[in-house]
Number of protein chains: 2
Amino acid sequence: MEVTRTNFKDSLSTVYSAIEEADFLAIDGEFSGISDGPNVSALTNGLDTPEERYMKLKKHSMDFLLFQFGLCTFTYDQAESKYVIKTFNFYIFPKPFNRTSPDTKFICQSSSIDFLASQGFDFNKVFRHGIPYLNQEEEVQLREQYEERRSQSNGSGNPSYISPNSNKGPGSIPEEHREYIGRTGVLCDDIMGFQKERYIQISKVDDEERKRRERQKQEREQVTFLLPFFLYKKRWDSSLSPLSPTQGKLVVGHNMLLDVMHTIHQFYCVLPEYLLYCFLRLLDTKLMATTQPFKELINITSLAELQKQLKESPFKSPKVVTAEGFPSYDTAQEQLHEAGYDAFITGLCFISMANYLGTAFYTVCMKRYNATLTSRVFARLFLMRIIDIPYLNISGPDLQPKRDHVLYVTFPKEWKTSDLYQLFSAFGNIQVSWIDDTSAFVSLSQTDQVQIAMNTSRYAESYRIQTYAEYVQGRQQVRESQGHSTQSWDEDGWVKPHYTSPSTVGAGPTGYSYGHNRYTPFTL
Amino acid sequence: MEVTRTNFKDSLSTVYSAIEEADFLAIDGEFSGISDGPNVSALTNGLDTPEERYMKLKKHSMDFLLFQFGLCTFTYDQAESKYVIKTFNFYIFPKPFNRTSPDTKFICQSSSIDFLASQGFDFNKVFRHGIPYLNQEEEVQLREQYEERRSQSNGSGNPSYISPNSNKGPGSIPEEHREYIGRTGVLCDDIMGFQKERYIQISKVDDEERKRRERQKQEREQVTFLLPFFLYKKRWDSSLSPLSPTQGKLVVGHNMLLDVMHTIHQFYCVLPEYLLYCFLRLLDTKLMATTQPFKELINITSLAELQKQLKESPFKSPKVVTAEGFPSYDTAQEQLHEAGYDAFITGLCFISMANYLGTAFYTVCMKRYNATLTSRVFARLFLMRIIDIPYLNISGPDLQPKRDHVLYVTFPKEWKTSDLYQLFSAFGNIQVSWIDDTSAFVSLSQTDQVQIAMNTSRYAESYRIQTYAEYVQGRQQVRESQGHSTQSWDEDGWVKPHYTSPSTVGAGPTGYSYGHNRYTPFTL
């Protein structure tokens, strides 16, 4: 079902009831671009930490527009052993609603636009009929302007002289725009918990703080909520009451980190310094497919290839029917890169893999909120192109693999990869991960050669080698000097991440150590 | 006629012959946005100098995409006293042609996109079928990569080891892409003069340098040329020979400064520090309509309104027919904001106004290159919302009106326009032109009150007042300390503008002084 600003208001109750009746949800987003940084290899260094990757995406990817949001709801029909699905494609565009409202600028990346164009993506629908939205702060401002205007027009205010040349005059929201504001559906100011109590907690904390909060949370019998933000907002005109959110239901996405980040950024608020301690029921099918037991069974984990492989033995395709009144997809005719279709396929892939793992796994997935599970299966988002850290953990500390075999090398900007190969030619196979023009990580195949490499570089003038541990320590000192080191609350109530020193490497709560836990099976 | 990348190559000869046979050309561009600065009033301060305005546009407007370029050629049929027109709409999009070619990012401004969407603009056509382009530098790089690749594949090169992880490896242009490059039509590397001699000169110079160059130019019998750049490029595959450009023909646009800047920026090169000493045959119909004798006859100079008023007495609409094989416009059914249609209307407006001025004027306009004319009528581009400088002069020094009645005021950022009105309440009517949060120009109605205002401010602590002359002097000192002051050649061969000190105010070459020359009639 296509949802544009033309039918948004009329569609909301359909969307809400689809979510309420669903067993789980699948989502996907289409963006106007991926990276405004110099190039992809700079954005995705193979030895990024999850935090570094997050910071890079925050810096280089948030000025693009999430202009199509796909939602597919899956409801299991026990009697007929089939899933009933409802698919929604939300077209989204920040149409300014008057002269004083925000005039959003967004970046388009030619390669992304060209790719979507080649898939038949309908840009006219986005720009002509996209649903407008505001983030929380913009909505508050608009509401204040509106109230100010209303009190002035009631004669209760005391309007000051406004020069026509002033660019500082208060904004005005005339009465005739109220209907418009009513239709400005994609707002988000009211994120409701299970107990309909207002509560928001998005942060990353150290262990002690985490435990304290978990106790607090249990006391409240409080579960926090979810994606997609923009479906859960209190309506300006109150003609639609605020919905409680997906109520702890599982939300599935494929390689969903950017989808999550964009949804928060665009519809809710400025992204916190680090993700996030609340998205407890997310499941990333790309992570799932790259983890045991699937890792051995599935070669390529792009969404299209994953779907193909999950049609074959030992997997089984689930039986799926489209709910009445919804347009159905033909999986034989691929419509990939329409967000709703991708969400649909993602849900199918999840079901096939979950069924492979057995009833117990599937049952737990369908349960609302289970704390013991969250740290294992959910709330871990796939990280592309990182050698030894498969996921970003949004429910606890990140993995800290040993990187004893990694060297941090700085050199003149004229150097190419071949110069590094030459420099380390005595040490067998190496792997080079460029950081910028004058530095790179070099991974040696054998850790015991690190000291030899360090010794040989002692008198070098044109380049410099540090161990990974020295590099991390140096970076931490820089961070501390910038006031980033210790955990603290910032203005928004986000918690800045506690930076763990290199001495705790390998001591993560899941017993992670390099080369092992990457293959921890994806089971309960 | 619509020109996309599908029919670009086949259309070129049609475009070229339309230009060659034309008496004059009209152009217009549609952009993905206007300003990425904070707001329009900051972008267009009423007391900007032309140079300041140019610098602001260069800084805040060039990251948008010129995605539709309209060209309308007008050829007079003497026998039937009518114009034969050919209209072209070029759809433009920087589709990357392989992984190593530039992946252009461009900004979209929601209000601009929304406006074009409401006019039925076809974004799908832009993004799916837009003509790709490169600027001069990008084309050179691509050509070098291509040559390198070719010499390597011929075995004559000495390919070095390329790591698959390297982000520094040389790019490659496989043979199968040559056809694509052939179709990458919107390139520009060969700007040809009248004498088919390569020559480019875009700069702004002081009087002495200007005279030297004029002599040099006359010696060469050299005329430089022109917009639109992207029609005049040497073809990669040489299957189409380079054309000489519009050959000194008049190019008409309505409020065309941004069109000119975007065309240079997008298809040719980084914009120079200041415009430009070569666009000798441009005519801005908005400037024309706001100058005497039209100023008294025409109230509103937006393109649509101008056209309406020029249909009525004392003006006459020209007789116009569409050339065979070209789709015709119905001027009763407005299709404003399609670039080709806007170019067409612009041409109509020009003819009506030129005819009103009489045969002599029109005749001179149609002549190729007439130096005596350029400083009066041509090469002056309309400046929006500047109180006392109607145009940017690209063929000589800009106007420097007296601003003796203007004060430069700095104050706390809490101040609003009403605070300024209050501060200057003793001085009658004032006009406030905001610069930023803490400064503004305040124009008094009577110059003799400036000294009084200065005196009263002497002991003020919260605000500070300077005369306009003091302000200019201070700014010049800042510029000099930054090495901007004296004329010098920069790396690109552009000449930086010579900054004229305030003592020469009012001494411009046309005898301009405040309040007078603004009304200099638009005649020969």
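Please read these numbers as outputs of a predicted model, since none were measured by experiment. (Residues numbered from 1 in each chain as written. Chains lettered and ligands numbered in written order. Predicted model: local features only at pLDDT ≥ 70, side-chain atom pairs only at ≥ 80, totals over all residues. Heavy atoms only, no water.)

### Considerations on the overall build of chain A
Note the cut-off: Each helix is a run of DSSP H or I of at least 4 residues and each strand a run of E of at least 2, with the numbering of both proceeding from the N terminus. Only protein chains enter the accessibility calculation, which uses a 1.4 Å probe; a residue is then buried when its area is under 20% of its type maximum, exposed when over 50%, and partly exposed in between. The criterion used for residue contact is that any of the two residues' heavy atoms lie within 4.5 Å. Using the Shrake-Rupley algorithm and a 1.4 Å probe, accessible areas are obtained, with residue cover drawn only from the displayed protein chains.
Looking only at helices and strands, chain A features 17 helices and 14 strands. With 524 residues in all, chain A has 55% of them scored as buried. Of all intrachain contacts in chain A linking residues separated by at least 6 positions in sequence, the fraction that spans at least 24 positions is 75%. About 22,500 Å² of surface is accessible on chain A, with carbon and sulfur atoms providing 47% of the total.

### Focus on the environment of Ser-110 of chain B
With respect to the helices and strands, Ser-110 of chain B occurs in helix 4 (residues 110–118). Once the C-alpha coordinates of Ser-110 of chain B and Gly-33 of chain B are considered, the two residues, 77 residues apart in sequence, prove to be 7.7 Å apart. Once residues within four sequence positions are removed from consideration, Ser-110 of chain B is found in contact with Phe-93, Pro-94, Pro-96, Asp-103, Thr-104 and Phe-106 of chain A.

### Quick notes on the relation of the copies chain A and chain B
Here is the rule we go by: What sets the superposition is a least-squares fit of C-alpha atoms, and only residues with pLDDT of at least 70 in both copies go into it.
Expressed as a screw operation, the relation of chain A to chain B combines 0.1 Å of axial shift with a rotation of 180 degrees, fitting to an RMSD of 0.1 Å. Overall, the copies show the geometry of a two-fold rotation axis. When C-alpha positions in chain A are compared against the rotation axis, the closest is assigned to Ile-107 of chain A, at 2.1 Å. A shared interface surface links the copies, since 100% of the contact residues of chain A are contact residues in chain B too.

### Some details on the sheet that holds strand 14 (residues 464–467) of chain B
Two pairing modes exist for strands in a sheet, parallel and antiparallel, and in both the strands are linked by backbone hydrogen bonds. Residue and element names in this part refer to chain B. For the record, the criterion: Should DSSP find at least two bridges between two strands, the strands are regarded as paired. What counts as an axis is a line fitted to C-alpha atoms, over the stretch in contact for a helix, and the angles between N-to-C directions run from 0 to 180 degrees.
With antiparallel pairing, the four strands of this open sheet are ordered in space as 12-13-11-14. Looking along the sheet, the strands with just one partner apiece sit at the ends: strand 12 (430–436) and strand 14. Shown here is a sheet whose adjacent strand axes are inclined to one another by a mean of 25 degrees, direction ignored. Judged from the four bridges that link them, strand 11 (residues 406–410) and strand 14 form a sheet pairing that is antiparallel. Paired with Thr-410 across the two strands is Arg-464, which belongs to strand 14.

### Re the interface of chain A and chain B
Under the convention used in this document: One speaks of a salt bridge when a side-chain nitrogen belonging to Lys or Arg is within 4 Å of a carboxyl oxygen belonging to Asp or Glu. Contacts described as polar in this section are N or O atom pairs within 3.5 Å, which, within protein, must combine one atom able to donate a hydrogen with one able to accept it, while residues neighboring in sequence count only if both atoms come from side chains. In the scheme used here, Gly and all other residues not listed as nonpolar or charged are polar, with Ala, Val, Leu, Ile, Met, Phe, Trp, Tyr, Cys and Pro taken as nonpolar and Asp, Glu, Lys and Arg as charged.
If you look at the interface, chain A gives 45 residues, while chain B gives 45 residues. Viewed at the interface, chain B and chain A are joined by two salt bridges. Note that Asp-114 of chain B and Lys-95 of chain A form a salt bridge whose closest N and O atoms lie 3.1 Å from each other. For the pair chain A and chain B, the number of links is 21 residue pairs in polar contact (both at pLDDT 80 or more). The set of elements that each furnish at least two residues to the side of chain A that touches chain B consists of strand 5 (105–109), helix 4 (110–118), helix 5 (123–129), helix 15 (417–423) and strand 12 (430–436) of chain A. Considered class by class, the residues forming the side of chain A that touches chain B number 16 nonpolar, 17 polar and 12 charged.

### With respect to the environment of Pro-132 of chain A
Turning to its location among the elements, Pro-132 of chain A is positioned in the loop between helix 5 and helix 6 (136–153). As a C-alpha pair, Pro-132 of chain A and Arg-5 of chain A span 127 residues in sequence and 7.2 Å in three-dimensional space.

### A closer look at unusual backbone geometry
Cis geometry marks the peptide bond from Gln-292 of chain A to Pro-293 of chain A; its omega dihedral reads 0 degrees. Summarising the element assignment, Pro-293 of chain A is placed in the loop between helix 10 (285–289) and helix 11 (303–309). In this structure, Asn-255 of chain B takes a positive phi of about 55 degrees despite not being glycine. By the element assignment, Asn-255 of chain B lies in the loop between strand 6 (250–253) and helix 9 (257–267). Owing to a relative accessible area of 22%, Asn-255 of chain B belongs among the partly exposed residues under this scheme.

### Describing helix 4 of chain A
Within the span of helix 4 of chain A, buried status applies to Ser-110, Ser-112, Ile-113, Asp-114, Leu-116 and Ala-117 of chain A. Tucked into the core, helix 4 of chain A has its buried residues touching strand 2 (24–31), strand 3 (66–77), strand 5 and helix 5 of chain A together with strand 5 (105–109) and helix 5 (123–129) of chain B. Just downstream of helix 4 of chain A, Gly-120 of chain A is the residue with a positive phi angle, here 80 degrees.

### A word on the pairing of strand 11 of chain B
Residue and element names in this part refer to chain B. Counting buried residues in strand 11 gives four out of five residues, a clear majority hidden from the surface. For strand 11 and strand 13 (residues 439–444), the ladder comprises five bridges, and the chain directions are antiparallel. Bridged to Val-406 within strand 13 is Ser-443.

### As for the state of the cysteines
Residue and element names in this part refer to chain A. Threshold: In this description, a disulfide is simply a cysteine sulfur pair whose atoms lie within 2.5 Å.
Across all of its chains, the model carries zero disulfides over all chains by this definition. Of the cysteine sulfurs around Cys-72, a residue in no disulfide, the closest is that of Cys-349, at 12 Å. Using a relative accessible area of 1% as the deciding quantity, one classes Cys-349 as buried.

### Describing the packing of aromatic side chains
We describe a pair of aromatic rings using the distance from one ring centre to the other and the angle between the two ring planes. All names here are of chain A. The condition that has to hold: Two rings belonging to Phe, Tyr or Trp (six-membered ring only in the last case) form a pair when the distance between their centres is within 6.5 Å. Interplanar angles under 30 degrees mark stacking, angles over 60 mark edge-to-face geometry, and anything in between is tilted.
Inspection of every chain in the model, using the stated rule, returns 61 aromatic pairs over all chains. Ring geometry for Tyr-341 versus Phe-344: centroids 6.1 Å apart, planes at 70 degrees, classification edge-to-face. Of this pair, Tyr-341 and Phe-344 both sit in helix 12 (residues 339–357), three residues apart, roughly one helical turn. Phe-344 matches Tyr-341 in its accessibility class, with the two residues each being buried.

### Examining the sheet that holds strand 12 of chain A
Residues and elements named next belong to chain A. Strand order in the open sheet formed by four strands is 12-13-11-14, with antiparallel pairing between adjacent strands. One side of each edge strand has no neighbouring strand; the edge strands of this open sheet are strand 12 and strand 14 (464–467). Taking each pair of neighbouring strands and ignoring which way they run, the sheet shows an average axis angle of 25 degrees. Across the sheet, helix 17 (residues 468–481) is in contact with strand 11 (406–410), strand 13 (439–444) and strand 14; its angle to strand 14 comes to roughly 90 degrees.

### Considering helix 12 (residues 339–357) of chain B
Residue and element names in this part refer to chain B. Just so we agree on the cut-off: Helix span is expected to be 1.5 Å times the residue number reduced by one.
With 19 residues, helix 12 should reach 27 Å at 1.5 Å per residue; the first-to-last C-alpha distance of 27 Å fits that figure. For helix 12, the buried fraction is high: 16 of the 19 residues fall into the buried class. Within two residues after helix 12, Gly-358 carries a phi angle of roughly 110 degrees, on the positive side.

### A few points about the confidence of the model for chain A
Residue and element names in this part refer to chain A. Applicable threshold: Each residue gets a pLDDT score, which is the predictor's confidence in that residue and runs from 0 to 100.
Confidence in the prediction for chain A averages 73 pLDDT; 69% of positions are at 70 or higher. When the criterion is pLDDT under 50, residues 217–245 qualifies, and its contacts beyond four places in sequence or with other chains add up to 103 contacts. Ignoring residues within four places in sequence, the model shows residues 485–520, a span with pLDDT below 50, making 75 contacts including any to other chains.

### What to know about the UniProt feature "domain: Poly(A)-specific ribonuclease RNA-binding" (unreviewed entry) in chain A
Our working definition: UniProt positions are given in the numbering used here, feature names are shortened, and annotations may be inferred rather than shown by experiment.
The sites that UniProt annotates as "domain: Poly(A)-specific ribonuclease RNA-binding" (unreviewed entry) are residues 396–473 of chain A. Within the segment residues 396–473 of chain A, helix and strand shares are 26% and 28% respectively, and the terminal C-alpha atoms sit 22 Å apart.

### Focus: the environment of Ala-304 of chain B
Residues and elements named next belong to chain B. Assignment of secondary structure puts Ala-304 in helix 11 (residues 303–309). Note on Ala-304: relative accessible area 18%, which makes it buried. Sequence separation of Ala-304 and Ile-345 is 41 residues, and the distance between their C-alpha atoms is 8.2 Å.

### Overview of the pattern of salt bridges
When charged atoms on two side chains of opposite charge get close, those side chains can pair. The tally for this structure, following the rule as stated, stands at 20 salt bridges over all chains. Between Lys-125 of chain B and Glu-2 of chain B there is a salt bridge, with its nearest N and O atoms 2.8 Å apart. Of this pair, Lys-125 of chain B sits in helix 5 while Glu-2 of chain B is found in strand 1 (residues 2–3), placing the two residues 123 residues apart along the sequence. A salt bridge links Arg-403 of chain B to Asp-388 of chain B; the nearest nitrogen and oxygen atoms lie 2.7 Å apart. Here Arg-403 of chain B, found in the loop between strand 10 (391–393) and strand 11, pairs with Asp-388 of chain B, found in the loop between strand 9 (380–382) and strand 10; they are 15 residues apart in sequence, far enough to count as distant. It is possible to trace a salt-bridge network through shared partners that takes in Asp-48, Arg-53 and Lys-56 of chain A.

### Let's talk about the packing of helix 12 of chain B against helix 13 (residues 359–366) of chain B
Residues and elements named next belong to chain B. Going by this rule: Each angle receives one of four descriptions, namely roughly parallel if under 35 degrees, roughly antiparallel if over 145, roughly perpendicular if within 65 to 115, and oblique otherwise.
Direction vectors running N to C along helix 12 and helix 13 enclose 130 degrees, while the axes themselves pass 5 Å from each other. Considering the angle they form, helix 12 stands oblique to helix 13. Along its contact with helix 12, which presents Phe-350, Ala-354, Asn-355 and Leu-357, the element helix 13 presents Phe-361, Tyr-362, Cys-365 and Met-366. Partitioned by chemical class, the residues of the contact of helix 12 with helix 13 number seven nonpolar, one polar and no charged.

### Overview of the packing of helix 3 (residues 50–61) of chain B against helix 9 of chain B
Two quantities define a packed helix pair, namely the angle between the helix axes and the distance between the axes. Residue and element names in this part refer to chain B. Condition: In this scheme the crossing of two helices becomes right-handed for a clockwise turn of the near helix relative to the far one and left-handed for an anticlockwise turn of less than a right angle.
Helix 9 packs onto helix 3 with a crossing angle of 55 degrees between their chain directions and a minimal axis gap of 11 Å. One finds that helix 3 runs oblique with respect to helix 9. Considering the relative orientation of helix 3 and helix 9, their crossing is right-handed. Residues Tyr-54, Leu-57, Lys-58 and Ser-61 of helix 3 form the contact with helix 9, whose own contacting residues are Leu-257, Leu-258, Met-261 and His-262. Within the contact of helix 3 with helix 9, the residues separate by chemical class into five nonpolar, two polar and one charged.

### A look at the pairing of strand 6 (residues 250–253) of chain A
All names here are of chain A. What you see with strand 6 is no split at all: Leu-250 and Val-252 on one side and Val-251 and Gly-253 on the other are buried throughout. As paired strands, strand 2 and strand 6 are joined by three bridges and run parallel to one another. Counterpart to Ala-26 in the pairing with strand 6 is Val-252. Pairing of strand 6 with strand 7 (residues 282–284) involves three bridges; the strand directions are parallel. Residue pairing in the sheet places Val-252 in a bridge with Leu-283 of strand 7.

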